[in-house]
Amino acid sequence: MRVHRHLKTLITLTTLASLAACAPYGRQSQSGAEITVRWDSGPLDRDYARVHDEMVVRHNREIASPRPEESSNQRDARQSSERQNLEGRYSRGKSSHSDKLPPSEQ
């Protein structure tokens with residue numbers, strides 16, 4: 001009987017310790033348990049990478065085959081503006097914890 005009591009105590013303590021280890025971001029407050037959830041930027045990062053890669057391919061294509069109505073200075077300025085716009089969208093998405101890039105403001 002005595003061995004069973006010690007075994008039950010050991011199992012109970014192990015269970016409580018594992019539950020505490022599973023919630024490292026939770027903390028106790030006066031009103032009860034408070035849980036902090038971390039935002040996963042992976043979906044936004046993947047969306048940014050996809051759009052960025054498409055933009056780079058398009059820009060390279062435009063450099064290889066320039067538009068007849070656009071000078072190289074105009075093209076460079078436009079492409080720079082597009083890069084800045086994409087970076088701004090990415091920053092806004094990160095600050096709002098978005099899963100995808102916000103729409104362009106242009």
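Scope of this entry: the structure provided in the associated data block. (Residues numbered from 1 in each chain as written. Predicted model: local features only at pLDDT ≥ 70, side-chain atom pairs only at ≥ 80, totals over all residues. Heavy atoms only, no water.)

A closer look at the overall build of the protein
Right, so step 1: Within the protein, the regular secondary structure consists of three helices and two strands.
Right, so step 2: Going residue by residue from the N terminus, the α and β elements of the protein occur as α-β-β-α-α.
Right, so step 3: The burial tally for the protein puts 21% of its 106 residues in the buried class.
Right, so step 4: A fraction of 49% describes how many contacts in the protein between residues 6 or more apart in sequence connect residues 24 or more apart.
Right, so step 5: With the model as given, the accessible surface of the protein reaches about 8400 Å², and the carbon-plus-sulfur share is 57%. (Helix = DSSP H or I, 4+ residues; strand = E, 2+ residues; numbered from the N terminus. Buried < 20%, exposed > 50% of the residue type's maximum accessible area, 1.4 Å probe, protein only. Contact = heavy atoms within 4.5 Å. Areas by Shrake-Rupley, 256 points an atom, 1.4 Å probe, with all protein chains shown as cover.)

Description of the pattern of salt bridges
Right, so step 1: A full pass over the atoms with the stated rule returns ten salt bridges.
Right, so step 2: Arg-67 is the salt-bridge partner of Glu-62, the closest N and O atoms lying 3.4 Å from each other.
Right, so step 3: Residue Glu-62 is classed as buried on the basis of its relative accessible area of 9%.
Right, so step 4: Of the residues examined, Arg-67 reaches a relative accessible area of 36% and is grouped as partly exposed.
Right, so step 5: A salt bridge links Arg-78 to Glu-62; its shortest N-O distance comes to 2.9 Å. Separated by 16 residues along the polypeptide, Arg-78 in helix α3 (residues 72-95) and Glu-62 in helix α2 (residues 42-64) bring together distant segments of the chain. (Salt bridge = Lys/Arg side-chain N within 4 Å of Asp/Glu carboxyl O.)

A look at the nonpolar core
Right, so step 1: Of all hydrophobic cores here, the largest spans seven residues; its members are Leu-44, Tyr-48, Val-51, Met-55, Leu-86, Tyr-90 and Leu-101.
Right, so step 2: Counting only elements with at least two residues in this core, the list comes to α2 and α3.
Right, so step 3: No other element matches the four residues that α2 contributes to this core.
Right, so step 4: In contact with Met-55, other than residues within four places in its own chain, are Glu-82, Arg-83 and Leu-86. (Core = buried A, V, L, I, M, F, W, Y, C linked by side-chain atoms within 4.5 Å.)

Quick look at the packing of α2 against α3
Right, so step 1: Remark: α2 packs on α3, axes separated minimally by 11 Å, with the N-to-C direction vectors making an angle of 180 degrees. Relative to α3, the element α2 lies roughly antiparallel. Along its contact with α2, which presents Leu-44, Asp-45, Tyr-48, Val-51, His-52, Met-55, Arg-58, His-59, Glu-62 and Ile-63, the element α3 presents Arg-75, Arg-78, Gln-79, Glu-82, Arg-83, Leu-86, Glu-87, Tyr-90, Gly-93 and Lys-94.
Right, so step 2: The residue makeup of the contact of α2 with α3, split by class, is seven nonpolar, four polar and nine charged. (Axes fitted to C-alpha atoms, helices over the stretch in contact; angles between N-to-C directions. Parallel < 35°, antiparallel > 145°, perpendicular 65-115°, else oblique. Nonpolar A, V, L, I, M, F, W, Y, C, P; charged D, E, K, R; others polar.)

Comments concerning α3
Right, so step 1: Here α3 contains 24 residues, and its C-alpha end-to-end distance of 34 Å stays within 8% of the 34 Å for a straight helix at 1.5 Å per residue.
Right, so step 2: When we look at burial in α3, the residues that qualify are Arg-75, Arg-78, Gln-79, Glu-82, Asn-85, Leu-86, Arg-89, Tyr-90 and Gly-93.
Right, so step 3: Along its buried surface, α3 packs onto α2.
Right, so step 4: Positive backbone phi, approximately 55 degrees, marks His-97, located one or two places after α3. (Expected span 1.5 Å × (residues − 1).)

Structural notes on α2
Right, so step 1: Helix length check: α2, at 23 residues, gives a terminal C-alpha distance of 33 Å against a target of 33 Å (1.5 Å per residue), a fit within 8%.
Right, so step 2: Buried-residue contacts for α2 involve α3.

Regarding the side chain of Glu-62
Right, so step 1: For Glu-62, the side chain forms a polar contact with the side chain of Arg-78, separated by 2.9 Å.
Right, so step 2: Those residues in contact with Glu-62 that lie beyond four places of it in its chain are Arg-67, Arg-75, Arg-78 and Gln-79. (Polar contact = N/O pair within 3.5 Å; in protein donor to acceptor, adjacent residues only side chain to side chain.)

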